[in-house]
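Okay, here's what each chain looks like letter by letter:
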Amino acid sequence: SDEAIDGNQAEQLFAKARAHLEYILNKIDPRSEAAYVALGDVYSTQGKVNDAKVAWNQGLERIGETSLALNMRLTEAVAREKAPDTKDHLDRLDEALNSLPPSASPEVKSSLTRTRDLIDALWLLRLDKPAQAIPLLTPIVAQGHQGLGTRLDDALKGAMLLGEAYESPDQWEDAARVY
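Residues numbered from 1 in each chain as written. Predicted model: local features only at pLDDT ≥ 70, side-chain atom pairs only at ≥ 80, totals over all residues. Heavy atoms only, no water.

> Sorry if this is basic, but what is going on with helix α6 (residues 106-126) here?
Each α-helix winds once per 3.6 residues, and so residues spaced three or four apart point in a common direction. When the terminal C-alpha atoms of α6 are compared, their 30 Å separation across 21 residues agrees well with the 30 Å that a helix rising 1.5 Å per residue should span. D128 occupies a position one or two residues after α6 and carries a positive phi of about 60°. (Helix = DSSP H or I, 4+ residues; strand = E, 2+ residues; numbered from the N terminus. Expected span 1.5 Å × (residues − 1).)

Structure (structure tokens):
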């Protein structure tokens, strides 16, 4: 049915999801990247960002620091908080991107690079450095008009961040064009 669930029911479902994921990690496969990603996502969805970061960090410790999925999520979380170690996370993310096999398609590499640039721009905006974020965001927004799917999603995120970058008093006209 289409009935909405209340907060208590939602918490019970989240608790079940966490229990299943922790069972996978503790009893079945302690190196399951997907389970660490999902566990962190469950915590993040609940607004428990610190618990999410712990889950993603544990995954990186157990399966290796070149996991793109774990690095992307962890780096975005610390960038949103203006954490002092964000630059270290961005560097680790770059290492993970550079470790992609040569057989990785150009589309995959391009998509991952766009995501990395979005995270970098987010961090720069949190540091109140919009002038440095704008050159990262402009091509992402422009590329979004060339395709669907991930590019369009990235373009939307990029446009929102670009609008935020242009919100400084001397950039109102540019901000209006972005929105």
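Having seen the model, we can carry on.
> Would you explain the environment of P30 in this entry?
When you line up the elements, P30 lands in the loop between α1 (7-28) and α2 (33-45). For P30, a relative accessible area of 39% translates into the label partly exposed. Put simply, P30 and R62 are 32 residues apart on the chain and 7.4 Å apart in space, counted from C-alpha to C-alpha. Among all residues touching P30, those that are not within four sequence positions of it are I24, L25, Y36 and R62. (Buried < 20%, exposed > 50% of the residue type's maximum accessible area, 1.4 Å probe, protein only. Contact = heavy atoms within 4.5 Å.)

> What am I meant to see in the pattern of salt bridges here?
When their charged atoms lie close together, side chains carrying opposite charge are able to pair. Taken as a whole, this structure holds eleven salt bridges when the rule is applied. A salt bridge links R80 to E76, with the shortest nitrogen-to-oxygen separation between them at 2.8 Å. Taken together, the positions of R80 and E76, both in helix α4 (residues 68-80) and four residues apart, correspond to about one turn of that helix. Judged by relative accessible area, E76 falls into the partly exposed class, the value being 31%. Between D154 and R114 there is a salt bridge, with its nearest N and O atoms 3.0 Å apart. Of this pair, D154 sits in helix α8 (residues 150-165) while R114 is found in helix α6, placing the two residues 40 residues apart along the sequence. Each of the salt bridges in this network shares a partner with another, and the network as a whole consists of D94, R116 and D120. (Salt bridge = Lys/Arg side-chain N within 4 Å of Asp/Glu carboxyl O.)

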